[in-house]
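For reference, the chains in residue letters:
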Amino acid sequence: MSHFLIILLCLLGPGSAPRPTFQEHINALRERFDVVFVYDADLDPGEEVLPGELKSDSLEGCLDELLSNADIAYMVRGRTVVLFRFYKRDTLHLYHSAIRPAMIRAERVFRDTPGAVPIEPMPQMPQLLGESDPLKLALLSPGIVPAAEGSASIIVRGGEPDGNLILLDGVPFYNSSHLMGYLSVFDDDAISKIRLYKGHFPTRYEGRASSVIDAEGRDGADDRLRGSIGVGILTDKLLLEGPVGKNTTFLISGRFFGLGILKSVFKVFEKYGDYTFYDVYGRVTHTFSERDRLRFTVFRGNDHMRDTLVSGQWGTTLASAAWNHRFSSSTEATTTLSYQHYCSSDDNFSSSIQDWRAAFDASSHMENSHTLRWGGGYSYRYLTPTTTITSHHPVHDFSAYGEDEWRKGCWTAVAGIHINLYAVPGNAYFTAQPRLFLQYAPDRWRLFGSAGRMVQPIHALTSSQTVTLPSDLLVCVSGNVRPMTSDQISFGAEYNGWATVTAEAWVKRMEGVLEYKDDRLGHVVSGYWQNNVVSGEGRAAGLEIAVSKQPWFQLSYTLSKSMRRFDQIDGGAWFPSSNEHRHSIVTTMKQDITKHFEIRELWIWISGGYITVPERYSFVMTPSGQFKQRPVYEGRNNYQLPASHRLDISASVHFNGKHSQHRLTAGVYNVYAANNPTFATLWYKQNPNPSAPDLLSVAVISVFRVLPSLSYSVRF
Amino acid sequence: MLRSYHIALLFILAAVSCRPLETVWTFPASDDREISIQGYLHGRDSIHSVWCSYAKADGAVEAADLDVAVYVNGKLVDQPTSTPSDYPYLHPAEYTFKAFFSPGDRIKIKAGDACAAISVPEPPDTLYTTMNVSKGLDGVSRVKFESKIQGNGYYRIDLMATVRGFNADGHLVSVSQVTGPSQLFSLDNETTVQSIMVPLSGLKLAQSVKNTAYLECTAIFRISAMNRELFTLFNTWAEDSTEDIFSRFADPVHFPNNVQGGIGLVDVTSEVERSFTIHANIK
């Protein structure tokens, strides 16, 4: 790999690209970081003071480079960048006091869809084994906790791990994880933006109960062939992008676990097991005219594991085509066709889902401050969960939605409804999902509230709460299993001063929550999964507080409670969800040591989740008529694990070659070696009574302690 | 060289990062105890046993001092007793009784304050059962049973066979007992008929005996109907890996319970059997 890297760098050689103009720089930044620029038309510093290329990975870094020799200052507010000329430092102070409140209002005009929390890919952030994963950055937002230590699977506002609608270029993923859930399929080099929705959900989204994570791939560069190479402990990455002809661009990226350092471990212990995974993402965009644009997306990812416990594989194949047509300057529509095949299997079980989808989304900005969004779609899914017997579940999903967004002065209101018809053999379920969002934003304050319903027809029946396994079954509504619904009300306030302070409270009620009758065992009990699940209800509530001074500092705290109840479990009593984490605190800090050297810290404290522990021992007869002593469990989730906390630190150096940008990131995960429970397990301590069995105990295994990492990437 | 570096680095990573088990909770010592009743009753038998013990925090112990009563359709049929053993932590106390069961009978077993009540399930309808002999790529004969079964419940198939090998003169040269793998399956209102294939393993050994010209295989094909709890228990044992060191990462399994006022599982099965004899030339 390293030889290949050196050869490729040599091939890059000296180039002869012309120096970009100020407008070209602005256009490039707008595309790259998905931001809106606000500045006077005559604001041009002149080419002589502009750099040739912007080499930083961050928006602020690029702006610093761009404007370092110009009399122009900038201010970043959310996704809006305001540029203004200044001549003396004193005028900047005046600007802050007089103009800034107006800018904050301007920002809200340009602000993204109400309810969206933008997640910006940040390769500089300290992450497990140095593997940059944009999905894990969702944890920086309050109300979100990982499903397990180090996991990319998240739990949003007391929901379930399968309750997150994860979209790539508008197509939902059924399993977005690699490496048993410790890494997501998203390569941040290929992703332009990710938006997270956890309170108010735009009406066009449906299909999951807890959250929406909408990832949009990046168009390929339209000026010349570009690329990047990344080498890390876990994976090696390659990305190539560029123009094909005048109006077509392409981007292809791939990640491979098989060349990296960790792969050597599996080779050393080959007789105990092996693991490989890869993913490839490709995107071709063709612009017919200013009005028409066509985009093709393909994705293929696969994991294959073999060890002493289980062998199996899972993977996703996805292809989509989206045609965007602009009818006028205010009206546009996108038509999307997609196909996806997800399958997983191990020695005993398999799960497969094929999804054909056609969708139409339109939006129209009216002159009277209204924005109308409407659309619909049809999806045909064919699920084949297999235990001892394969069952077949065709699902026809018809949907339509309409939404009106109205902005007037300080007020923003969004109201809409999404209706679905799920047709399955023997039954049909009609659902209506109303959504409402209201915001009042005078000057520095913003008060907002939302209410809405989400419906979830797909469930992942998992055999382990900690990791993703090939034995997890994807199931859907059927003749006797209804869709799950989640009703949420939230309200909050935000203050934009020296820092941004946000507080939000929410309450949620869930119906149709699925659970195995016999806990995690149900998937082996019968050939028909419907016979082994029970449907119940859930309720959750929480308070989220966040203080941020972007990009330097962020602190968030969440207080939440999540309960479940099933008529056939524990006599119908309420019990805590295994995903409940009562308190969570997340802080991040960034320090620029020099222009090319920065340090980031991340500290997390999360209350422990709940597990079921036994009450006593009993003799149990085996099928052959012998007896063994086994623990007896009473009650569900009757023990709370200890809290987990850790500090992660990373240092990043970025420097520029003649036609390349280099980044070297070193990090340490869990610096002070906290014993966080990665796995909880039963253990046996010696019994003082020598003739009696050992005493049963719960023990935790802390896998991720003081894990250093090193990664290197080069862009050209 | 590169690989050595990788291995060394990872060894260091593993050594400093992974921490052995840390106990965070131990079951508190307590004198509380709960009566446990265990028993698999077979509808075809007339002598049955149930086993009783006390489930405790520091380990289960036999319960030989209980008043046990057996009722069939509300009528008391027996009051068995048991004698204490020298190893109370190794085995529960056995209570043996005599009773005859028919499908639909209600059986109630009381042991102290604990009680288990079960119904004798209906045996399955076997629409047909066939036995086929085929030769594999390795030249070894294979026997497979196929049965089409109709019902609505939980079932297990057991296959037991006696294989006799004969030489060309018709003299017996070998006798072996072979079995097929037990198979568990369920039928419900949506799928009431199921075809089950059961391969008979162990024939290769019988065919490897010198001078064997043909085999005579006498097989008993047994289908047992059971209640959901026993079906779950059998599956639970398949999933149980408590004694496997690698199972520490697995979520705990829960054994089913159908004893009121105590714990444990008592169930009764109804069986149907089909026997076959087949001759297979192996030359």
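Residues numbered from 1 in each chain as written. Chains lettered and ligands numbered in written order. Predicted model: local features only at pLDDT ≥ 70, side-chain atom pairs only at ≥ 80, totals over all residues. Heavy atoms only, no water.

A. Geometry of the overall build of chain B. Of regular secondary structure, chain B possesses three helices and 17 strands. Scored against the burial criterion, the 283 residues of chain B give a buried share of 49%. Of the contacts made within chain B by residues no fewer than 6 positions apart, 67% connect residues no fewer than 24 positions apart. Of the roughly 14,100 Å² of accessible surface on chain B, 51% is carried by carbon and sulfur atoms. (Helix = DSSP H or I, 4+ residues; strand = E, 2+ residues; numbered from the N terminus. Buried < 20%, exposed > 50% of the residue type's maximum accessible area, 1.4 Å probe, protein only. Contact = heavy atoms within 4.5 Å. Areas by Shrake-Rupley, 256 points an atom, 1.4 Å probe, with all protein chains shown as cover.)

B. Just the confidence of the model for chain B, in detail. Residues and elements named next belong to chain B. Residue-level pLDDT values for chain B average 77, and 69% of them are 70 or greater. Contacts of residues 1–7 to residues separated by more than four positions or lying in other chains number five contacts, the stretch itself having pLDDT below 50. In the model, residues 245–250 has pLDDT below 50 throughout and makes 14 contacts with residues more than four positions away in sequence or in other chains. (pLDDT = per-residue confidence, 0-100.)

C. Region of interest: the packing of helix H2 (residues 22–33) of chain A against helix H3 (residues 59–67) of chain A. Residues and elements named next belong to chain A. Where H2 meets H3, the closest approach of the two axes is 11 Å, and the angle between their N-to-C directions is 175 degrees. As summarised for this structure, H2 and H3 are arranged roughly antiparallel, according to the angle between their axes. Residue-level contacts link Phe22, His25, Ile26, Leu29, Arg32 and Phe33 of H2 to Leu59, Cys62, Leu63, Leu66 and Leu67 of H3. (Axes fitted to C-alpha atoms, helices over the stretch in contact; angles between N-to-C directions. Parallel < 35°, antiparallel > 145°, perpendicular 65-115°, else oblique.)

D. Seen up close, the sheet that holds strand E5 (residues 68–72) of chain B. Residues and elements named next belong to chain B. Here we have five strands laid out as an open sheet, ordered E6-E5-E8-E9-E16, and antiparallel in their pairing. The open sheet has two edge strands, strand E6 (75–78) and strand E16 (259–260), and neither has a second partner. Of the strand pairs in this sheet, strand E9 (residues 114–119) and E16 are connected by two bridges, and their pairing is antiparallel. Bridge pairing in E16 links Cys115 to Gln260. (Pairing = 2+ DSSP bridges.)

E. Region of the structure containing the sheet that holds strand E11 (residues 191–197) of chain A. All names here are of chain A. Strand order across the open sheet formed by five strands is E4-E11-E12-E7-E8, with mixed pairing between neighbours. Two strands lie at the open edges of the sheet, namely strand E4 (116–119) and strand E8 (171–172), each paired on one side alone. Taken together, the two bridges between strand E7 (residues 164–168) and E8 define a ladder with antiparallel strand orientation. Residue pairing in the sheet places Leu168 in a bridge with Val171 of E8.

F. Just H3(A), in detail. Of all nine residues in H3(A), seven are buried, a share of seventy percent or more. Of all the residues in H3(A), the buried ones are Leu59(A), Gly61(A), Cys62(A), Leu63(A), Glu65(A), Leu66(A) and Leu67(A).

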